[in-house]
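# Structural overview for review
One-letter residues, chain by chain:
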Amino acid sequence: MLTRRQGLATAGAMLAAPRIPLAQSRERPFRFVVNVGLQNLDPIAGPSFVTRNFAYLVFDTLVSMDSQGRFHPQMLQGWETSADRLTWTFRLRPGLTFHDGSPVTSEDVVASLRRWGGRDSIGRRLMAATAELTTAGADSFVLKLSRPYGGVIEAFGKPSVHVPFIMPARIASATPPTQSVREIMGSGPFVFLRDEWVPGERTFFRRNERYVPRSEPADGLAGGKIPKVERVEMITMPDIALRAASLQQGEVDYLEYAPIDNLPRMRTNRNIVISQASGQAE
């Protein structure tokens, strides 16, 4: 993966590092090039990785995985378990709102988890071991298992397809998991600008002014997701040589995949950072 030494998109979802003052980085959009054009917007209905990456900008998760594979609360304040570990009580952290300003409630969480549990393989296994999944007030919900299940937190914090992203109950309850939702309404750090979307070519986002990040430092997908640019553009460029040239000329800021043939030249450019999948950078 390649990125210019410029702005930072989201702390958890993108590989980038701030190299210039924050005020200056907000003057221009952060442009990143994905390997496949974005066609499907629903991370539950579709198995595409580009849809998953899109969703990490727009939605949020109950639990997140850090760079060491450990799970931490994200939308959750915390949880408690019974002595037999069959009853789990979860509490949402305060200040969570969807992009339309409505609060995130336990009803939204339960509806989203049920929809995810009807689609994802791990979700189906968890739901098969579940006796009840109910709300317990506006900010709490209870998972009662019918039999022991050792991976509750790991299921809620699953980092890849299909990720249990949280959306409003009015959307999740009304849409079968194999059918794409018609409205994209998340609570994540960026707002999807549907009117500007060009399917398969360009996707636009703006910073969510209502987003309240966690106080912990960002680590992998966990911790505080702090938007440091006002706008983000997701771009598709089928021509690999054009991708490389655009990065070197400063027209884009990040390439999802490094063009191998161009790496020797790029290593001589001090404005380009080459990152390995492990998170290390040259």
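Residues numbered from 1 in each chain as written. Predicted model: local features only at pLDDT ≥ 70, side-chain atom pairs only at ≥ 80, totals over all residues. Heavy atoms only, no water.

Let us look at the nonpolar core. Soluble, globular proteins show a tendency: their nonpolar side chains are buried together. In terms of nonpolar packing, the biggest core is built from 58 residues, with Leu 62, Phe 141 and Phe 156 touching the most fellow members. A per-element tally of this core places helix α2 (residues 49-58) first, with six residues. Beyond its immediate sequence surroundings of up to four residues, Leu 62 is in contact with His 72, Pro 73, Gln 74, Met 75, Leu 76, Leu 92, Val 109, Leu 113, Phe 141, Phe 156 and Ile 166. (Core = buried A, V, L, I, M, F, W, Y, C linked by side-chain atoms within 4.5 Å. Buried < 20%, exposed > 50% of the residue type's maximum accessible area, 1.4 Å probe, protein only. Helix = DSSP H or I, 4+ residues; strand = E, 2+ residues; numbered from the N terminus. Contact = heavy atoms within 4.5 Å.)

We now examine the pattern of salt bridges. Taken as a whole and assessed by the stated rule, the structure comprises 13 salt bridges. Residues Asp 253 and Arg 28 are paired through a salt bridge, measuring 2.8 Å at the closest nitrogen-oxygen approach. Here the residue Asp 253 occupies a position in the loop between α7 (240-248) and β12 (254-255), and Arg 28 occupies one in the loop between α1 (22-25) and β2 (30-34), the gap between them amounting to 225 residues. On the accessibility criterion, Asp 253 (0% relative accessible area) is buried. Here Glu 233 ties to Arg 202 by a salt bridge, and the two come within 3.3 Å at their closest N and O atoms. With Glu 233 in strand β11 (residues 231-236) and Arg 202 in strand β10 (residues 202-207), the pair connects residues that are 31 residues apart, well separated along the chain. In this structure Glu 233 comes out as buried when scored by relative accessible area, which is 9%. Counted as one network, the salt bridges with shared partners bring together Arg 31, Arg 202 and Glu 233. (Salt bridge = Lys/Arg side-chain N within 4 Å of Asp/Glu carboxyl O.)

Before going further, it helps to examine the pairing of β2. Counting buried positions along β2 gives four out of five residues, so the element sits mostly inside the fold. Bridge analysis of β2 against β12 gives two bridges, and the strand direction is parallel. What sits directly across from Phe 32, in β12, is Tyr 254. (Pairing = 2+ DSSP bridges.)

Before going further, it helps to spend a moment on the sheet that holds strand β7 (residues 130-135). Across the sheet, which stays open at both edges, the four strands sit in the order β5-β6-β8-β7 with antiparallel pairing between neighbours. What marks the edges here is a single partner per strand, and that holds for β5 (76-81) and β7. Sheet twist, expressed as the mean angle between neighbouring strand axes with direction ignored, is 15°. Pairing between β5 and strand β6 (residues 87-92): five bridges, direction antiparallel. Note on β6: the bridge partner recorded for Thr 81 is Trp 88. Along the sheet, helix α3 (residues 106-117) makes contact with β6, β7 and β8 (140-145), crossing β7 at roughly 150°. Each of β7 and β8 is contacted by helix α4 (residues 121-128), which is oriented at about 95° to β7, the strand it contacts most. (Axes fitted to C-alpha atoms, helices over the stretch in contact; angles between N-to-C directions.)

Here we take up the packing of aromatic side chains. Summed over all chains, the structure comprises 13 aromatic pairs. Where Phe 54 meets Phe 192, the ring centres are 5.2 Å apart and the plane angle is 90°; that geometry is what we call edge-to-face. Of the two residues, Phe 54 is situated in helix α2 and Phe 192 in strand β9 (residues 190-192); the sequence distance between them amounts to 138 residues. Taking 5.0 Å as the distance between ring centres and 80° as the angle between the ring planes, the aromatic pair formed by Tyr 56 and Phe 165 counts as edge-to-face. Of this pair, Tyr 56 sits in helix α2 while Phe 165 sits in the loop between α5 (152-156) and α6 (169-172), placing them 109 residues apart in sequence. Of the two residues, Tyr 56 and Phe 165, both sit in the buried class. One aromatic cluster in this structure is built from Trp 79, Trp 88, Phe 90, Phe 141 and Phe 156. (Phe/Tyr/Trp six-rings, centres within 6.5 Å; stacked < 30°, edge-to-face > 60°.)

The next point concerns the confidence of the model for the protein chain. Here the protein chain averages 89 in pLDDT, and 88% of its residues register 70 or above. Counting interchain partners and residues more than four positions distant, the pLDDT-below-50 stretch residues 5-24 has 54 contacts. (pLDDT = per-residue confidence, 0-100.)

Further remarks concern the side chain of Asp 120. Tracing the backbone shows Asp 120 in the loop between α3 and α4. Using a relative accessible area of 2% as the deciding quantity, one classes Asp 120 as buried. A distance of 2.2 Å separates a polar atom in the side chain of Asp 120 from a polar atom in the side chain of Lys 158. (Polar contact = N/O pair within 3.5 Å; in protein donor to acceptor, adjacent residues only side chain to side chain.)

Glancing now at the environment of Asp 139. When you line up the elements, Asp 139 lands in the loop between β7 and β8. It is 5.2 Å that separates the C-alpha atoms of Asp 139 and Leu 92, two residues lying 47 residues apart in sequence. Aside from chain neighbours lying at most four places away, what touches Asp 139 is Phe 90, Arg 91, Leu 92 and Ser 106.

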